[in-house]
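Letter by letter, the chains look like this.
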Amino acid sequence: MIQIAPSILSFDHSRLAEAVASLAQAGADWIHFDVMDGQFVPPITFGDGLVKNLRDKVPTRFEVHLMTETPERHFEAFIAAGCTRVIFHVEASAHPHRLAQSLRAREVEAGVAINPGTSVEALEPLLDVLDLALVMTVNPGWGGQKFIESTLAKVETLRRWRPELAIEVDGGIDPSSLPRAQRAGADVFVVGNHLAKAPDLSSAMRELKGLCV
């Protein structure tokens, strides 16, 4: 099933409650929280307190994308804040298989992300413990970057390895890149800058949903 998971990263952070409500009303399947610690990537964004404060505003499911070192230190806090899917980076852990198992043991979906410079083979040993694989289609850290076309080969490989796996793409997703990513095998799309800059959020979401076949 094709799903849209808008990221709040590019929205006005002084009006995030309004943005999340608008995204939910427009038909978002997930709200995507990009958490950055200033170590794994240079920027610092926000913590679990923000997620907790927004959790009762909408019924839409929340997922957190931990772009952090030692991601396991943050699992409990974001689960308690209301995230039902936790995504961490394979590059940030020496024991990603164990961490994915630990998330499933907490009865949340386990997701693992790879950067553009990381081989898709890094995910192969984890496929039996993953609910979702996230292929970064830009280098992590900032919104509004150009889509990296070569990352689609990783999506194709993952889809061949695990036909039933949820495969998410994140970075530079808009009406031009979404169909190409879908053809490669992606079925969950993180969209941030395109929606944040849209003159009409509902129309932009309908356009994206209309491209999903």
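All figures in this text were calculated on a predicted structure; none of them were measured in a lab.

Moving on, we come to the sheet that holds strand β5 (residues 109–114). Pairing within the open sheet is parallel, and its eight strands lie in the order β1-β8-β7-β6-β5-β4-β3-β2. The open sheet has two edge strands, β1 (3–6) and β2 (30–36), and neither has a second partner. Taken pair by pair, the neighbouring strands of this sheet meet at an average axis angle of 25°, ignoring direction. Alignment of β1 against strand β8 (residues 188–191), held across four bridges, turns out to be parallel. Counterpart to Gln3 in the pairing with β8 is Val188.

Roughly 180 Å³ of volume is contained in the second largest pocket. Lining the second largest pocket are Phe11, Asp12, Arg15, Glu18, Ala19, Ser22, Leu195, Ala196, Ala198 and Leu201. The set of elements that each furnish at least two residues to the lining of the second largest pocket consists of α1 (16–26) and α7 (193–196). Broken down by element, the lining of the second largest pocket gets its largest block of residues, three residues, from α1.

As a further point, take unusual backbone geometry. Phi at Thr70 is positive, roughly 40°, even though this residue is not glycine. Structurally, Thr70 can be placed in the loop between β3 (61–67) and α3 (75–81). Classification of Thr70 by relative accessible area gives partly exposed; the value is 29%.

Assignment of secondary structure puts Asn139 in the loop between β6 (132–136) and α5 (152–161). For the pair Asn139 and His13, spaced 126 residues apart in sequence, the C-alpha separation works out to 22 Å. Apart from residues lying up to four places away in sequence, Asn139 is in contact with Pro116, Gln145 and Ile148.

Another point: the packing of α1 against helix α8 (residues 201–211). Put simply, α1 and α8 touch, their axes get as near as 9 Å, and they point 45° apart. Between α1 and α8, the interaxial angle falls into the category oblique. In this structure, the crossing between α1 and α8 has a hand that is right-handed. In contact with Ser22, Leu23 and Ala26 of α1, α8 contributes Leu201, Ser202 and Met205. Along the lines of polarity and charge, the residues of the contact of α1 with α8 split into four nonpolar, two polar and no charged.

The rules behind the values
Residues numbered from 1 in each chain as written. Predicted model: local features only at pLDDT ≥ 70, side-chain atom pairs only at ≥ 80, totals over all residues. Heavy atoms only, no water. Pairing = 2+ DSSP bridges. Helix = DSSP H or I, 4+ residues; strand = E, 2+ residues; numbered from the N terminus. Axes fitted to C-alpha atoms, helices over the stretch in contact; angles between N-to-C directions. 1 Å grid on protein atoms, 1.4 Å probe; cavity = no way out; pocket = protein on both sides within 12 Å on 5 of 7 lines; lining within 4 Å. Points joined across faces, edges and corners; volume = space filled by probe spheres on them. Buried < 20%, exposed > 50% of the residue type's maximum accessible area, 1.4 Å probe, protein only. Contact = heavy atoms within 4.5 Å. Parallel < 35°, antiparallel > 145°, perpendicular 65-115°, else oblique. Left-handed = near helix turned anticlockwise from the far one by under 90°. Nonpolar A, V, L, I, M, F, W, Y, C, P; charged D, E, K, R; others polar.

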